[in-house]
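# Remarks on the overall topology
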Amino acid sequence: MKKINYRKILVTILWIIAIAGLGSSLSFVSKSENNIIAKNINITILNNDKFLFLNASDIKKYFSTRNDSILSLPLKTINIRKLEMDLNSHPAIENAEVSRDINGEIKIDVKQRTPVLRIFNKNGESYYIDSESKLMPLNENYSARVIVASGEIFEPYTYRSKFSVNQIKKNKLYSELSILDEIYDVCTYINSDSILFQLIHQININPEKDLELFPAIGNHKIIFGDSQNMSEKFNKLKLFYSQGLNKSDSWTKYSAINLKYKNIVVCTKN
């Protein structure tokens, strides 16, 4: 007769009891969580040291305008996914994450969008383009200090905001009709270079569709042309500034610096 292993049977029974107990505990915790009331909203704006488009009051007001009730409701009735989707549809928010805990706190982490360029079109309309190449409306609370582009720009916010600048660039038809991709590429290059970032503050599109850059010092314009061969053009400009404008009166000597021609810089004197 086979010997019965009572020790093995006892261990198995203990495991069954432990698992059943754990399941009951989890079920109890789950039921308790469902009965917890939302008592507090903890809102963190992750990059408010750079931009001031939003604060905690703006987030709460945004929920209120969309009839998203949160406080004093059971956690089980709060749709966390919907709250995230609503926040991510806000024009000043790049990303939002919402979570909850058993203490009844709703935690909201928000990252603001990063504008890199401000557009003024010919119809008097103004809007930003952000670091993700998406169009972004102005904000009544805060105005970002970024490169400004104006001149022969006709593209309205409402129509162009459906597409990012990168999407426009990849579409042959849109790219031929748009000037935003040219402006954005030049602006991105300027922002990535510490010297140019301090130097160039404004871009103008002239009637010939050439990009003209305006420095923070001096009273000349830089005729840049299109966005082709950007590195070559900007290297010529920096070389000219370091060697051609190395005297105190040189910054007021010229009215235009033309970078359109290969291997040379053509200057127009005042």
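Right above here is the structure, for reference.
Residues numbered from 1 in each chain as written. Predicted model: local features only at pLDDT ≥ 70, side-chain atom pairs only at ≥ 80, totals over all residues. Heavy atoms only, no water.

### With respect to the nonpolar core
Core analysis: the largest hydrophobic core is formed by 34 residues, its most contacted members being Leu117, Ile119, Ile183, Val186, Ile203 and Phe234. When residues in this core are grouped by element, the largest group, 6 residues, is from helix H7 (residues 180–192). Those residues in contact with Phe234 that lie beyond four places of it in its chain are Val186, Tyr189, Ile190, Leu196, Leu213 and Phe224. Ile45, Phe51, Ala92 and Tyr128 belong to the second-largest nonpolar core, a separate cluster that totals 27 residues. (Core = buried A, V, L, I, M, F, W, Y, C linked by side-chain atoms within 4.5 Å. Buried < 20%, exposed > 50% of the residue type's maximum accessible area, 1.4 Å probe, protein only. Helix = DSSP H or I, 4+ residues; strand = E, 2+ residues; numbered from the N terminus. Contact = heavy atoms within 4.5 Å.)

### Topic: the packing of helix H2 (residues 56–65) against helix H3 (residues 80–88)
For the pair H2 and H3, interaxial distance at closest approach is 11 Å and the crossing angle is 110 degrees. The pairing of H2 with H3 is recorded here as roughly perpendicular in orientation. Residues Ile59, Tyr62 and Phe63 of H2 form the contact with H3, whose own contacting residues are Leu83, Asp86 and Leu87. Of the residues that constitute the contact of H2 with H3, the class distribution is 5 nonpolar, no polar and 1 charged. (Axes fitted to C-alpha atoms, helices over the stretch in contact; angles between N-to-C directions. Parallel < 35°, antiparallel > 145°, perpendicular 65-115°, else oblique. Nonpolar A, V, L, I, M, F, W, Y, C, P; charged D, E, K, R; others polar.)

### Brief notes about a nonpolar patch on the surface
Taken together, the side chains of Tyr261, Ile264 and Val266 present a nonpolar region at the surface, about 260 Å² in accessible area. With respect to the helices, strands and loops of the structure, Tyr261 is situated in the loop between strand E11 (254–258) and strand E12 (266–269). Given a relative accessible area of 44%, Tyr261 falls into the partly exposed group. (Patch = residues over 30% accessible without salt bridge, like charges linked within 9 Å, V, L, I, M, F, W, Y side chains within 5 Å. Areas by Shrake-Rupley, 256 points an atom, 1.4 Å probe, with all protein chains shown as cover. Salt bridge = Lys/Arg side-chain N within 4 Å of Asp/Glu carboxyl O.)

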